[in-house]
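Chain by chain, the residues:
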Amino acid sequence: TSRRDGGPILPLAPGKRIAVLGPHANATRALIQVDTGKVCASGGFECVTSPLAALADRNPDAGTAYAEGCDVILMGRQGFSAALAAAEAAEVVVLGLGGTSCGSWGAGRWGKRGNAPRHLHCRPANGTNGMQWAEGEAHDRTSIDLPGEQHALAAAVLALNKPTVLFLLNGGMVSVAEELRHAINPPAVVEAFYPGAEGGEALADALFGRTNRWGKMPYSVYTADWAKTNSMLDHDVQHGLGRTYRYYRGSVPLLTPFGHGLSYTTFELAIGEPRGGWTLSTASATALHVSVVLTNVGPREGDEVVQAYFAPLSLAAPGVPNHPIKALWGFERVSDLGSGESATVTFSLGARDLQLSDLNGDLVLAPGKYNVTFENGAGAVAARTVTLTGERVVAEPFPQPAAPAPQARRAPAASGATSGTSAQRRE
């Protein structure tokens, strides 16, 4: 959230001229997951406050300019000049970028095809296969990149070297590697997903620092090129360099790792020693009760999420050769922790929390040593080594298909016709 010259980008300071740009800057419908149902009484979205309107409301003493700049998917840079002029005149820029979705919203910007409504960006347009970026039921994207002209718009804005905030509206991952790795002016990035009808208000409160309650990434984000070399039809997360935070072994760092998330304040973690030490047994249901102390050492109140992971270090033979590099086994949110305050979070760690899936699909308790870490996704980490003793145990076998039920035998058909009638075929 800081510029390369060291000055903070977020939170925004009221009273500065802000340019709110991009295809999602004035979003209403795009804030909401498709198929949510009626949002406003009319069935439309006029009751939804856009990010632009919410930001302007919180910045009444200075100008808040708006320009779309470009479409979400359609190619064309006709709006660039207005967007760049607004950015030039501003002290801070907020860029609203991201993806788009298809769903039962009724008639969209494409009009109708017969009696069926055409939804927003749900067909190829201007020679661009818009469906590769649209997300919705029964449809997967084939690209994780920003669609259309959005990279070009962001590059032109960042080249002005104005403090810039980029917020994303999307469901599945969207790669903004070019923006995050900008050589001169990397922006602060807020992943908003589809935040709902109150999302514009919540986003504006967060950007102006009225709240300090951030989440953590629920999945890892790769660079756009990754999807070109890894088939989306291959669901084996261990193939190649692996995928997800559990198995990824690539030398190129993930663009945004699972569990990552920053705050306007800084936290530290410390682990208390559990009674009985750091040993568990595969033969016992006894758990370790681990106390983790979270301390806010930063300048302001805020929330934090303490995440608990384990990683096998050394396992007794035969081991589990396909074990994950790291696996989440618990998390707890601490709310409204003041500057200088501490809170204690207690985790219960049992042998079943360390279970692994073997090559047969069985969930096993494998004796050995495990690294247990407590992290906040923003750099604070506290770790201990746990020893799991005993014999290897299959905690949950892989489900096997049930044997087919025997079929009841049917009575034999009559061999002839009854006197005075014709023989009838029995069905």
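For the structure itself, look to the data block above.
Quick summary incoming for the structure in this document.

A separate point is the state of the cysteines. The final tally for this structure, using the stated rule, is one disulfide. Paired through a disulfide, Cys40 and Cys47 show a sulfur-sulfur distance of 1.9 Å. Disulfide Cys40-Cys47: torsion about the S-S bond near -90°, hence left-handed. Look at Cys47 and you get partly exposed, because its relative accessible area is 47%.

Of all nine residues in helix α3 (residues 150–158), seven are buried; the element is thus mostly enclosed. Within α3 the residues assigned to the buried category are Gln150, His151, Ala152, Leu153, Ala154, Val157 and Leu158. Residues of α3 that are buried in the fold lie against β1 (18–21), α2 (80–89), β3 (92–98), β8 (164–169) and α4 (177–180).

Another aspect to go through is the sheet that holds β8. Spatially, five strands are ordered β2-β1-β3-β8-β9 in an open sheet, and the strand pairing comes out parallel. The two strands at the open ends of the sheet, each matched to only one other strand, are β2 (64–67) and β9 (188–191). Shown here is a sheet whose adjacent strand axes are inclined to one another by a mean of 20°, direction ignored. Bridge count between β3 and β8: six bridges; the pairing is parallel. Looking across to β8, one finds that Leu95 is bridged to Leu166. Contacting β1, β3 and β8, α3 crosses the sheet at an angle of about 170° to β3.

A large share of β3 lies buried, amounting to seven of its seven residues. Burial of the side chains of β3 extends over both faces: Val92, Val94, Gly96 and Gly98 are buried on one face and Val93, Leu95 and Leu97 on the other. Sheet topology note: the β1/β3 ladder contains four bridges and is parallel. Residue pairing in the sheet places Val20 in a bridge with Val94 of β3.

A few words now on helix α5 (residues 199–207). Buried residues dominate α5, accounting for seven of its nine residues. Residues of α5 that are buried: Gly199, Gly200, Leu203, Ala204, Asp205, Ala206 and Leu207. Those residues of α5 that are buried are in contact with α1 (51–57), β3, β8 and β9. A positive phi of about 75° marks Gly209, the residue just after α5.

Glancing now at the pattern of salt bridges. Inspection of every chain in the model, using the stated rule, returns 14 salt bridges. Residues Arg17 and Glu91 are paired through a salt bridge, measuring 3.6 Å at the closest nitrogen-oxygen approach. Taken as a pair, Arg17 in the segment before β1 and Glu91 in the loop between α2 and β3 lie far apart in primary sequence, 74 residues in all. Given the relative accessible area of 42%, Arg17 is considered partly exposed. Judged by relative accessible area, Glu91 falls into the partly exposed class, the value being 31%. Across the pair Asp205 and Arg210 runs a salt bridge whose closest N-O atoms are separated by 3.9 Å. Judged by its relative accessible area of 19%, Asp205 is buried. Judged by its relative accessible area of 54%, Arg210 falls in the exposed class. Ionic contacts of the salt-bridge type, sharing partners, join the residues Asp57, Arg58, Glu201, Asp205 and Arg210 into one network.

Thresholds applied
- Residues numbered from 1 in each chain as written.
- Predicted model: local features only at pLDDT ≥ 70, side-chain atom pairs only at ≥ 80, totals over all residues.
- Heavy atoms only, no water.
- Disulfide = S-S within 2.5 Å.
- Buried < 20%, exposed > 50% of the residue type's maximum accessible area, 1.4 Å probe, protein only.
- Helix = DSSP H or I, 4+ residues; strand = E, 2+ residues; numbered from the N terminus.
- Contact = heavy atoms within 4.5 Å.
- Pairing = 2+ DSSP bridges.
- Axes fitted to C-alpha atoms, helices over the stretch in contact; angles between N-to-C directions.
- Salt bridge = Lys/Arg side-chain N within 4 Å of Asp/Glu carboxyl O.

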